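Commentary on secondary and tertiary structure
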Amino acid sequence: MTTIAGQRRRLALSRFWTQFRHDRAGMTGLIILGIFILTAILAPILISPDALDVTQAEGDRFDPPSLAYPLGTDESGRSILLLLAWGTRISLTVGLAATIISMVIGTAVGIMAGHFRGVGSHALVGVTDWFLVIPFLPLAIVLATVLGPSTLNLIIVIGITSWAGTARLIRAQTMSIEGRPYIERSRALGAGNWHQMTRHVLPNVFPLVLANTTLTVAIVILSETTLSFLGLGDPLAPSWGAILDRAFSTGAVSQGAWWYVLPPGICVVLVVLAFTLVGRAMERIVDPRGSTA
Amino acid sequence: MSLLQEVAVGEPDPIRTPRVSGSTLRVVVSKVVRAIITLAFVVVFNFFLFRMLPGDPIGLYTRGRNQDAEQIAQLRRDLNKPLWEQFITYISNPFDPGIDSTRFSRPVWELIGERIWPTILLLGTAIVLASIIGIWLGIRAGWKPGGRFDKVSTGTTLTLYSMPEFWLGMMLLIVFGVGAFGIPGFFPVGGISTPGVDTSSPAGWLNVLWHLVLPCTTLLLIYLADYALVMRASLIDERKQEYLMLARAKGLRDAMVRKKHAVPNALLPTITLIFLSLGFVVTGAITVETVYSWPGLGLLTYEALRGPDIPLLQAVFLVFSIAVVGANLIAELLYIVIDPRVRQ
Amino acid sequence: MSLLEFRDVSVDYGDIPAVRGVTLNIERGEVLGIAGESGCGKSTLAATVLRLLPDSARVGGAVILDDQDVLTMTWGRLRAVRWADAAIVFQGALHGLNPVQAIGKQLAEPIRLHKTATDVDARVAELLTQVGLPPSRARAFPHELSGGQRQRVMIAMALACAPDLIIADEPTTALDVMVQAQVLDLLTSLVRELNMGMVLISHDLGVLGTTCDRIAVMYAGRIVETGPALDIFDDPRHPYTRALAGAFPRIGDDAARYAPVGLPGDPPYAGDLPSGCTFHPRCPEVMPECATTTVELRPAGPGRAAACLRVLP
């Protein structure tokens, strides 16, 4: 795009990156994320799917870490290290997919609730508030139980239960943007609702949406881990939460098999922390005076 | 409040400067009405969710369980009644003691009555301790942001906040319950008391307390991370206010300015936010009770979803919603009481 | 011995000079006005009197209050001096007062701290009466008072420990004209009555002209003109003062209505000050030498001084 708006956006993007580069916490988070994403991408190439196959497992049950199995073995003798690597794919994929659903719904509802006045907007706000008040896990459990255990259903459930926080934020931001004079001018010039929302509001809320997305992924991954631990995900997919579920159900705890429990949790902590650091760094750049704080 | 808190805590707008037009009583009544409507929607949601989905509803009720023909026939008869009739039956009394758990074959509300006290004990202790410690941490970190204490404390709380609470529970259980890394297992590995111990005697109480330590510590660590982050953000906001400069100009020592002016003002939104985060607290309770086999509502939920025991799940969902909506209501009303700007 | 003396005071925030070498005296019973646009450093200068600047600020020179240098005092001595020897009247905006404490409690606080009265409640009632507020208002909260009333509370607060010096930083800026007049009258009559000294800071030369004995005009961290208030207002010698004075139309002066005097450009950014006379880029009477010669205050008449090359005694 050679339009002025396009040029300005590219300039804004490069300025954003320069600022981000200097944020130590943010960069640390980004590097950690990079390592995990790389693992997720390379896993199918470097590790054969046999690593997941219970019938192909060669190790002893609940073996502590050794040279052959750096992170020990699970109850079926599989290498935990390899399980973890595969789990990275699932946890990250579910995290990303559910976040996209959550952000799309949340942003759409937020912009519409902020833009329109009247009954429709009130209804949207009411629905948003309902989802905000109702406790997440009981609601997710109820939904997941009804839908059945599968990865897709997990993504849907998390998406449905996570969008409200974003919606509230975006709505507040939309209302503040719409108070600005150039929106009035565009309305006077005949801009319709759709045009105003997509051409004016959306580009302006976008930086906030981006920062919020990153923080949302952190929450979503924690949610997925929790739901998988409770057995609500696909039982065959070894996401980190599912690994912890199996560890718990097969008595790893009473066996003292810490190598089964510690690594998946550390992975979750690292990834969630990484997204949090990146998100907070973005927030600092996009909103330095903390107007949303 | 940073986006992190907003997204994570995810509650409706905590009241900062509400507009109160007209009498306070009218405001209170309207908030109570809103709370009731919210709960009404939970009941409606409960009803429709399980009945509006594709597939054989009988399958949902009997999935994974064997039920004899008589029970299945009765179920089919109940489910074949017109939808509106079933609806009226349900909403007229969701607390009907006749509703039986399919897994335990006892009334659901009886089960809930039994299991609620261990949960209150566990959560209550954890919340109180976490509030005290978390607020203290948040104050020290927030008064001198960027300082050494702040860096260490914020780093620690962020890490704790990123942890799945059940994982922390499992690790604590392995290290301190079973024994690992050279540390002998000292605490019990689950349950609320050692079987055979009389829990109504003082010795019994000690036994319960001993069982309480690990699960409570797990929850405590997670909750205090949340509270510390909130208090810190609140105090950092408050530090920017001009009246603090006035307090300094009067000759007050820094500690006095903090104790008498900044902290009391920063505590107002923090306390409401603590109430508002009950939803987060409840989530932690469910998984941690599961890990420690703590016989409370959380474990009951886990057992219910293993079935799946639909009536029990509905009831538990309703209970948790009531608790959280109730806490939200208390938070809103409390703010009216403690902030003179809002009182009329 | 002057009540307050600024001796070559300078304040820097890192590389950025906010105040550059200010020397000024205030005597007991005198009202000194400091005029200037926002950002010229007048509030920063005022903050040095009680050492209220943030730790990142570097302060040079000396600020002598009652024969002691505030800048080198110990913390303990400073806390005792604060409010008891000199007090500040801040702007009475809603957040200038603690919003969740009753104003009586806030008034009582410095009294208790400095132990300047045995019957604190009586003293609080006395203060409120002095500023024209009913003593029953002591139980009110700041948001229950009007802007003018809050400003009066700020004045009462400043008087609480009977200081020798009051610094009023833009005390009337947020108020409408009628209330402004009342507040100014109150301030000046109290100062005369109690024989205190007062420094009145404002960007409004009209306000200063009528209430002060002397005026010092600040620009970009420096004093550019001093003199008796009426002389400055009627016959400004520095081109900047002329622009400031001309910016306020006078009622009854028809010519002023038709000849608006504005000042082109913006105040200079403190991190990048012009060479020579800092005002020269905006000066309507600029000469070539103005860009290259630093100008000090030079005598410009009896009791007057101005920092301008064009000024001859």
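Within every chain, residues take consecutive numbers counted from 1 along the sequence as written. Ligands are numbered from 1 and chains lettered from A, in the order in which they are written. It should be noted that, the model being predicted, local features are given only for residues of pLDDT at least 70 and side-chain atom pairs only at 80 or more, the latter also being counted only at that level, while totals for whole chains, interfaces and linings use all residues. As a rule here, side-chain values come from all non-hydrogen atoms in the structure, and water together with hydrogens is ignored.

Time to look at the overall build of chain A. The secondary structure listing takes helices from DSSP runs of H or I that are at least 4 residues long and strands from runs of E that are at least 2 residues long, numbered from the N terminus. The helix and strand inventory of chain A stands at 11 helices and 0 strands. Counting helices and strands in the order they occur from the N terminus, chain A gives α-α-α-α-α-α-α-α-α-α-α. Summarising its shape, the C-alpha atoms of chain A cover approximately 75 × 45 × 30 Å along the three principal directions. Relative to its full complement of 293 residues, chain A shows a buried share of 53%. Here the contacts in chain A between residues at least 6 apart in sequence split such that 73% fall between residues at least 24 apart. Of the accessible surface of chain A, which amounts to about 13,100 Å², a share of 66% is contributed by carbon and sulfur atoms. For this count, His and the chain ends are skipped, Lys and Arg are scored as positive, and Asp and Glu as negative. One atom stands in for each charge, and that atom is NZ of Lys, CZ of Arg, CG of Asp or CD of Glu. On chain A, the mean spot of the 20 positive side-chain charges and the mean spot of the 16 negative ones are 21 Å from each other. Three labels apply to residues, based on accessible area from a 1.4 Å probe with only protein chains included: buried if under 20% of the type maximum, exposed if over 50%, partly exposed otherwise in between. Any two residues having at least one pair of non-hydrogen atoms within 4.5 Å are treated as being in contact. Computed by Shrake-Rupley with a 1.4 Å probe, the accessible areas treat only the displayed protein chains as cover when residues are assessed.

Our focus in this paragraph is the confidence of the model for chain B. Residues and elements named next belong to chain B. Scored from 0 to 100, pLDDT reflects the predictor's confidence in each residue. Mean pLDDT over chain B stands at 82; residues scoring 70 or higher make up 85%. Confidence scores differ between elements of chain B, with helix 1 (residues 3-9) showing the lowest mean pLDDT of 36 and helix 6 (residues 108-143) the highest of 92. When the criterion is pLDDT under 50, residues 1-21 qualifies, and its contacts beyond four places in sequence or with other chains add up to 70 contacts. Overall fold confidence for the complex sits at a pTM of 0.82, while the interface term, ipTM, reaches 0.86.

Our focus in this paragraph is the interface of chain C and chain B. On the chain B side, the residues contacting the 22 residues of chain C number 18 residues. Buried area: the sum, over both parts, of the accessible surface (1.4 Å probe) that disappears when the two are put together. Together, His95(C), Val100(C) and Glu109(C) form the three largest contributors to the area buried by chain C at its contact with chain B, with a combined 26%. By convention in these notes, a salt bridge is any Lys or Arg side-chain nitrogen within 4 Å of a carboxyl oxygen on Asp or Glu. Summed over the shared surface of chain C and chain B, the number is 1 salt bridge. In this structure, Glu109(C) engages Lys250(B) in a salt bridge whose closest nitrogen and oxygen atoms are separated by 3.0 Å. In the analysis that follows, any N or O atom pair within 3.5 Å is treated as a polar contact, provided that within protein one partner can donate a hydrogen and the other can accept it, and provided that, for residues neighboring in sequence, both atoms belong to side chains. Taken together, the links from chain C to chain B amount to 7 residue pairs in polar contact (both at pLDDT 80 or more). In terms of residue count, helix 3 (residues 103-114) of chain C provides more of the side of chain C that touches chain B than any other element does, 5 residues in total. Residues are sorted three ways: Asp, Glu, Lys and Arg are charged, Ala, Val, Leu, Ile, Met, Phe, Trp, Tyr, Cys and Pro are nonpolar, and all the rest, Gly among them, are polar. Class assignment for the residues of the side of chain C that touches chain B results in 12 nonpolar, 7 polar and 3 charged.

Moving on: the interface of chain A and chain B. Listed by partner, the interface residues are 53 residues for chain A and 60 residues for chain B. Buried area between chain A and chain B, summed over both chains or domains, comes out near 5,000 Å², and the portion from carbon and sulfur atoms is 77%. At the boundary of chain A and chain B, one finds 0 salt bridges. Viewed at the interface, chain B and chain A are joined by 3 residue pairs in polar contact (both at pLDDT 80 or more). Counting residues per element, the side of chain A that touches chain B draws most heavily on helix 11 (residues 258-286) of chain A, at 13 residues. Classifying every residue of the side of chain A that touches chain B by side-chain character gives 37 nonpolar, 11 polar and 5 charged.

In this structure, Tyr260(A), Met170(B) and Tyr223(B) are the most contacted members of the largest nonpolar core, which totals 153 residues. If one sorts the elements of this core by residue count, helix 11 of chain A sits on top with 16 residues. Not counting chain neighbours up to four residues away, the residues in contact with Met170(B) comprise Phe229(A), Leu244(A), Phe248(A), Val253(A), Val261(A) and Val291(B). For the purposes of this section, nonpolar cores are sets of buried Ala, Val, Leu, Ile, Met, Phe, Trp, Tyr and Cys residues that join through side-chain atoms within 4.5 Å. Core analysis: the second largest hydrophobic core is formed by 103 residues, Leu246(B), Val31(C), Ala156(C) and Cys290(C) among them.

What follows covers the environment of Ser321(B). Within the fold, Ser321(B) resides in helix 14 (residues 310-338). In this structure the C-alpha to C-alpha distance between Ser321(B) and Lys259(B), which are 62 residues apart in sequence, comes to 36 Å. Ignoring anything within four residues of it in the chain, the contact list for Ser321(B) reads Ile134(A), Pro135(A), Leu39(B), Val42(B) and Gly326(B). Polar side-chain contacts of Ser321(B) include one of 2.9 Å to the backbone oxygen of Phe317(B).

The next thing to look at is the pairing of strand 9 (residues 214-219) of chain C. Residue and element names in this part refer to chain C. Most of strand 9 is tucked away: 5 of the 6 residues are buried. Two elements, strand 3 (residues 31-35) and strand 9, share 4 bridges in a ladder whose sense is parallel. Bridge pairing in strand 9 links Ile-34 to Ala-216. Paired strands are those between which DSSP finds at least two bridges. Pairing between strand 9 and strand 10 (residues 222-228): 6 bridges, direction antiparallel. Looking at the pairing, Val-217 lines up with Glu-225 of strand 10.

In this section: the pairing of strand 10 of chain C. All names here are of chain C. In terms of burial, strand 10 is a largely internal element, 5 of the 7 residues being buried. Between the end of strand 9 and the start of strand 10, which pair antiparallel, lie 2 residues, with Ala-220 showing a positive phi angle near 50°. Bridge count between strand 10 and strand 12 (residues 305-306): 2 bridges; the pairing is antiparallel. Following the sheet pairing, Thr-226 is matched in strand 12 by Ala-305.

Here we take up the environment of His280(C). Residue and element names in this part refer to chain C. Checked against the element boundaries, His-280 lands in the loop between helix 10 (254-258) and strand 11 (298-299). For His-280, a relative accessible area of 17% corresponds to the buried category. Measuring from C-alpha to C-alpha, the distance between His-280 and Leu-145 comes to 45 Å, with 135 residues separating the pair along the chain. Those residues in contact with His-280 that sit more than four places away from it in its chain are Pro-274, Ser-275, Val-286, Cys-290 and Ala-291. In this structure the side chain of His-280 is engaged in a polar contact, spanning 2.9 Å, whose partner is the backbone oxygen of Cys-277.

The next point concerns the environment of Ala247(A). Residues and elements named next belong to chain A. Along the chain, the position of Ala-247 falls in helix 9 (residues 240-249). Since its relative accessible area comes to 0%, Ala-247 is described here as buried. For Ala-247 and Trp-258, which are 11 residues apart along the polypeptide, the C-alpha to C-alpha distance reads 9.6 Å.

Residue and element names in this part refer to chain C. Pairing is antiparallel across the open sheet formed by 4 strands, whose spatial order is 2-1-4-5. Looking along the sheet, the strands with just one partner apiece sit at the ends: strand 2 (16-26) and strand 5 (68-69). One ladder, built from 8 bridges, connects strand 1 (residues 4-13) with strand 4 (residues 57-65); its direction is antiparallel. Each residue of the ladder has a partner; that of Arg-7, found in strand 4, is Ala-62.

Residue and element names in this part refer to chain A. Taken together, Ile-37, Leu-38, Ile-41, Leu-42, Ile-45 and Leu-46 make up a surface patch of nonpolar side chains, about 610 Å² in accessible area. Relative to the helices and strands, Ile-37 is located in helix 2 (residues 24-46). Looking at Ile-37, the relative accessible area reads 40%, which means it is partly exposed. Candidate patch residues must exceed 30% relative accessible area and have no salt bridge, after which like charges are joined if within 9 Å and Val, Leu, Ile, Met, Phe, Trp or Tyr side chains if within 5 Å.

Looking now at the packing of aromatic side chains. Pairs were defined over the aromatic rings of Phe, Tyr and Trp, the Trp ring being its six-membered one, requiring ring centres within 6.5 Å. Orientation was assigned from the angle between planes: stacked under 30 degrees, edge-to-face over 60, tilted for the rest. Applying the stated rule across the entire model yields 16 aromatic pairs over all chains. For the ring pair Trp258(A) and Trp259(A), a centre distance of 5.8 Å and an interplane angle of 80° mean the geometry is edge-to-face. A residue is classified by how much of its surface remains accessible, and Trp259(A), at 7% relative accessible area, is buried. With 6.0 Å between their ring centres and 85° between their planes, Trp136(B) and Phe149(B) make a pair best called edge-to-face. Of the two residues, Trp136(B) sits in helix 6 while Phe149(B) sits in helix 7 (residues 148-161), which places them 13 residues apart along the sequence. Phe149(B) sits in the partly exposed class, given a relative accessible area of 27%. Aromatic rings pair up to connect Trp130(A), Phe131(A), Trp163(A), Phe45(B) and Phe317(B) into one cluster. Definition used: whenever NZ (Lys) or CZ (Arg) falls within 6 Å of the ring centre and also within 35 degrees of the ring normal, the charge is taken to sit over that ring. Here Arg140(B) stacks its cationic end above the ring of Phe149(B), 4.2 Å away from the centre of that ring. Over the ring of Trp143(B) we find Arg239(B), and its NZ or CZ is 5.9 Å from the ring centre.

So, about the pattern of salt bridges. Residue and element names in this part refer to chain C. One pass over the full model with this rule turns up 23 salt bridges over all chains. The residue Arg-7 makes a salt bridge to Glu-5 at a minimum N-O spacing of 2.7 Å. Assessed through its relative accessible area of 39%, Arg-7 is described here as partly exposed. Given the relative accessible area of 13%, Glu-5 is considered buried. In this structure, the salt-bridge partner of Arg-28 is Asp-66, at a minimum N-O distance of 3.9 Å.

Moving on, we get to a positive patch on the surface. On the surface, Arg253(B), Lys259(B), Lys260(B), Lys105(C) and Arg112(C) cluster together into a patch of positive charge. Among the elements of the structure, helix 11 (254-276) of chain B together with helix 3 of chain C are those that each provide at least two residues to the positive patch. Turning to its location among the elements, Lys259(B) is positioned in helix 11.

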